[in-house]
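Given next are the chains, with one letter for each unit.
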Amino acid sequence: MAVGGHRALELLNTVAWRLDPARTEERLPDDDALQRWAEGAGFTPVAVDGGVAEVRALREAAYRVLRPLATGAAPGDPEPVRRLIVGALGRAAIASVAPLDWRIAVHGTSDLPAALALEVWRLLQFEDLTRLRECADEACGWLFLDRSRNGSRRWCSSGDCGNRDRARRHYRRTHT
Ligand SMILES: [Zn+2]
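Just so you know, these numbers come straight off a predicted model, no measurement behind them.

Caption draft 1: The coordination of the zinc ion, seen in detail. The protein atoms donating to the zinc ion are C135 (SG), C140 (SG), C156 (SG) and C161 (SG), with metal-donor distances spanning 2.3 to 2.4 Å. Metal-centred angles of 106 to 115 degrees between the four donor atoms at the zinc ion mark the site as tetrahedral. Within one chain, the residues serving as donors to the zinc ion are arranged as C-x4-C-x15-C-x4-C. Here C140, found in the loop between β5 (132-134) and β6 (143-145), pairs with C156, found in the loop between β6 and α6 (161-174); they are 16 residues apart in sequence, far enough to count as distant. As far as the burial class goes, C140 and C156 line up, both buried.

Pasting the structure below:
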């Protein structure tokens, strides 16, 4: 599941085939799905006690800010993201003083909107977003940090979108 290279991006990528409305797939339909996803992402929410709607709202607000950074489109409105990050910081504990870092204890799924807002803040604050890319597949829509040395990664997953592209090009080569 670690395609994006950052927890905030794994969250954004819980929508599959985002750029093809006929195929778009919501991978966080309810709180149970949110709990399973969060465990895979390294959180340990024991209780299933809500939060999925807020997590999806955070995801979409962050997507509107982050996608233009990958594609060069007009910048998205950062205000909703600002509000969610400030709200999360308002209830966060200090994890470390120097350098300053914050922590949200995750006991249940209802803690995830705040914990994930901090992940979005970390992504925006600390990562090299000139490395943010959108998968080259025309329907996929997943975002990732290109950590390859020469910055040449094009696909969310070379074994997935990359393979489909190779198969398409092979088909065209052998059928024309
Ligand atoms: Zn892809």
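Caption draft 2: Region of interest: the UniProt feature "domain: Zinc finger CGNR" (unreviewed entry) in the protein. The positions that UniProt labels "domain: Zinc finger CGNR" (unreviewed entry) are, in the present scheme, residues 131-173. Taken end to end, residues 131-173 is 30% helix and 14% strand, and its two terminal C-alpha atoms sit 32 Å from one another.

Caption draft 3: Structural context of the nonpolar core. In terms of nonpolar packing, the biggest core is built from 37 residues, with W37, F43, L66, L112 and L116 touching the most fellow members. Residue assignment for this core shows that the elements contributing at least two residues are α1 (7-12), α2 (31-40), α3 (52-71), α4 (79-91), α5 (112-126) and β6. If you tally residues by element for this core, the top one is α5, at nine residues. Look past the residues within four positions of F43 in its chain and what remains in contact with it is R7, A38, V106, L112, A115, L116 and E119. Counting residues in hydrophobic clusters, the runner-up holds eleven residues, among them W17, C140, C156 and C161.

Caption draft 4: How the structure looks around the pattern of salt bridges. Per the stated rule, a full pass over the model turns up 18 salt bridges. Ionic pairing is found between R122 and D101, a salt bridge with its closest N-O pair at 3.2 Å. With R122 in helix α5 and D101 in strand β4 (residues 101-103), this residue pair connects regions lying 21 residues apart in the sequence. By relative accessible area, which is 18% here, R122 ends up buried. Here the salt bridges do not stand alone but share partners, grouping R7, D101, E119 and R122 into one network.

Thresholds applied
Residues numbered from 1 in each chain as written. Predicted model: local features only at pLDDT ≥ 70, side-chain atom pairs only at ≥ 80, totals over all residues. Heavy atoms only, no water. Donors = N, O, S within 2.8 Å, 3.2 Å for Na, K, Ca; no water. Tetrahedral: all angles 85-135°; square planar, octahedral: opposite > 155°, others 65-115°. Helix = DSSP H or I, 4+ residues; strand = E, 2+ residues; numbered from the N terminus. Buried < 20%, exposed > 50% of the residue type's maximum accessible area, 1.4 Å probe, protein only. UniProt positions renumbered as here; feature names shortened; annotations may be inferred. Core = buried A, V, L, I, M, F, W, Y, C linked by side-chain atoms within 4.5 Å. Contact = heavy atoms within 4.5 Å. Salt bridge = Lys/Arg side-chain N within 4 Å of Asp/Glu carboxyl O.

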